[in-house]
Amino acid sequence: MQDKKDKEVEGLLWGEGTICNVRWGGVPLRDLLLRAGVRALAQSADLRVCFASHVTVCQEDEWFGASIPLEKVMDKDGGVLLAYMVEIPQPITPKLDL
């Protein structure tokens, strides 16, 4: 997978998003940033929100990081969730009556 000028990493390029069979819990990142007083900064289109994880090694690196435009995070319809829990429902099996 390779996105723009960034280095190649293993996995799928999500592009606009992904679909998964889980229920996420969390808080809209917009709400959290507004509560922290980020209102004035949101006017600058060149700022980004950066995320990093040191929980697991990502290929040869010690951590994995990504970023998204602050403008998207602060959009009321942006849909950016800071997830802190996930509920995985029962797997769908051939015996399950759908």
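If you check an unreviewed UniProt entry, the protein appears there as Oxidoreductase molybdopterin-binding domain-containing protein from Hermanssonia centrifuga.

1. Regarding the overall build of the protein
Regarding its fold elements, the protein presents two helices and four strands. Along the protein, helices and strands appear, N-terminal first, in the series β-α-β-β-α-β. For the protein, the proportion of contacts with a sequence separation of at least 24, taken over those separated by at least 6, is 54%. When the accessible surface of the protein is summed, it comes to about 8600 Å², and 56% of that surface belongs to carbon and sulfur atoms.

2. So, the nonpolar core
Core analysis: the largest hydrophobic core is formed by nine residues, namely Leu29, Leu33, Leu34, Val38, Val49, Leu70, Val73, Met74 and Val80. Counting residues per element, the ones that place at least two in this core are α1 (29–35) and α2 (70–74).

3. Focus: the environment of arginine 30
Tracing the backbone shows arginine 30 in helix α1. Residues contacting arginine 30, with those up to four places away along its chain left out, are Val73, Met74, Asp75 and Lys76.

4. Section: a nonpolar patch on the surface
Nonpolar side chains collect at one region of the surface, where Trp24, Leu81, Val86 and Ile88 lie side by side and expose about 430 Å² of accessible area between them. Here valine 86 lies in strand β4 (residues 81–87). Given the relative accessible area of 44%, valine 86 is considered partly exposed.

5. Considerations on the confidence of the model for the protein
Confidence in the prediction for the protein averages 75 pLDDT; 61% of positions are at 70 or higher. When mean pLDDT is compared element by element in the protein, α1 scores highest at 93, while strand β3 (residues 64–69) scores lowest at 84.

Definitions and cut-offs
- Residues numbered from 1 in each chain as written.
- Predicted model: local features only at pLDDT ≥ 70, side-chain atom pairs only at ≥ 80, totals over all residues.
- Heavy atoms only, no water.
- Helix = DSSP H or I, 4+ residues; strand = E, 2+ residues; numbered from the N terminus.
- Contact = heavy atoms within 4.5 Å.
- Areas by Shrake-Rupley, 256 points an atom, 1.4 Å probe, with all protein chains shown as cover.
- Core = buried A, V, L, I, M, F, W, Y, C linked by side-chain atoms within 4.5 Å.
- Buried < 20%, exposed > 50% of the residue type's maximum accessible area, 1.4 Å probe, protein only.
- Patch = residues over 30% accessible without salt bridge, like charges linked within 9 Å, V, L, I, M, F, W, Y side chains within 5 Å.
- Salt bridge = Lys/Arg side-chain N within 4 Å of Asp/Glu carboxyl O.
- pLDDT = per-residue confidence, 0-100.

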